[in-house]
Amino acid sequence: MPKSHKLVYAIYIVVWIIMAINPKYPQDWLLENVLIFIFFPFILWMDKKHNYTLLSLILLLIFTSLHSLGSHYTYAEMEHFNAITHFFGFERNHFDRFVHFLFGLLTFRMLFEMLASSTNTVRTALVFTFTMVVFISTVYELLEWLAAVILHPELGMAFLGTQGDIWDAHKDTALAILGALINIIFYKSYTHLWLSKRA
């Protein structure tokens, strides 16, 4: 594994440890990080298999660091986003929506790299990557709901972060889809990436 990749992982571990210190709601923090415990080793394994580009890892680092920040304060009560909330006059803290949007925007490239070598055309790779973003985003909303209901129903809105919006899950998924679609603008870049992965 390249040293640059090890550095990115090391930075994330440091961020994660800092955000794990004295979280606002420890049980909520644990629920938010269950998938991290599962997928961090998976990402390491897939990096060795697919040799991710450094850009993909940096984009993932940004997303996961913001997730760690959200899990520390909870997405619904992420106080560092309050300035933006007040500036625009929002009725709710939209940090959760922002991170869902970034999921589609920032993880798309890594997912594309995983699929590139198994597809016959760049368009097929893009379609499958987009489908994967939609699938992951939708399944996450379902798992989030089930975890709150079955494991810790007392956490309620602190974990789900709906903030009174009954359409919260739908909007979160829609923003992830929007983030993924923005990647299509960089079609030529993905074509070059697909060719390099095929080689």
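Up top you'll find the structure we're talking about.
Everything quoted here is computed from the prediction, not taken from an experiment.

1. Observations regarding the packing of helix α1 (residues 3-20) against helix α3 (residues 54-73)
Item 1. Between α1 and α3, the least distance of the axes is 9 Å, while the angle of their chain directions is 5 degrees. Between α1 and α3, the interaxial angle falls into the category roughly parallel. Seen from α1, the contacting residues are Ser-4, His-5, Val-8, Tyr-9, Ile-11, Tyr-12, Val-15, Trp-16 and Met-19; seen from α3, they are Leu-54, Leu-57, Ile-58, Leu-61, Thr-64, Ser-65, Ser-68, Leu-69 and His-72.
Item 2. Within the contact of α1 with α3, the residues separate by chemical class into 12 nonpolar, six polar and no charged.

2. With respect to the packing of aromatic side chains
Item 1. Per the stated rule, a full pass over the model turns up 10 aromatic pairs.
Item 2. Taken together, the aromatic side chains of Tyr-9, Tyr-12 and Phe-40 make up a single cluster linked through ring pairs.

3. Some details on the pattern of salt bridges
Pairing between side chains becomes possible if they bear opposite charge and their charged atoms approach one another.
Item 1. Applying the stated rule across the entire model yields three salt bridges.
Item 2. With its nearest N and O atoms 3.3 Å apart, the salt bridge here joins Arg-97 to Asp-172. Placement of the pair is Arg-97 in helix α5 (residues 95-106) and Asp-172 in helix α9 (residues 168-182), with a sequence separation of 75 residues.
Item 3. When its relative accessible area of 8% is taken as the criterion, Arg-97 is described as buried.

4. Regarding the environment of Phe-101
Item 1. Secondary-structure assignment places Phe-101 in helix α5.
Item 2. In this structure the C-alpha to C-alpha distance between Phe-101 and Gly-179, which are 78 residues apart in sequence, comes to 5.1 Å.
Item 3. Those residues within four positions of Phe-101 in sequence are excluded, and the remaining contacts are Leu-175, Ala-176, Leu-178, Gly-179 and Ile-182.

Analysis parameters
Residues numbered from 1 in each chain as written. Predicted model: local features only at pLDDT ≥ 70, side-chain atom pairs only at ≥ 80, totals over all residues. Heavy atoms only, no water. Axes fitted to C-alpha atoms, helices over the stretch in contact; angles between N-to-C directions. Helix = DSSP H or I, 4+ residues; strand = E, 2+ residues; numbered from the N terminus. Parallel < 35°, antiparallel > 145°, perpendicular 65-115°, else oblique. Contact = heavy atoms within 4.5 Å. Nonpolar A, V, L, I, M, F, W, Y, C, P; charged D, E, K, R; others polar. Phe/Tyr/Trp six-rings, centres within 6.5 Å; stacked < 30°, edge-to-face > 60°. Salt bridge = Lys/Arg side-chain N within 4 Å of Asp/Glu carboxyl O. Buried < 20%, exposed > 50% of the residue type's maximum accessible area, 1.4 Å probe, protein only.

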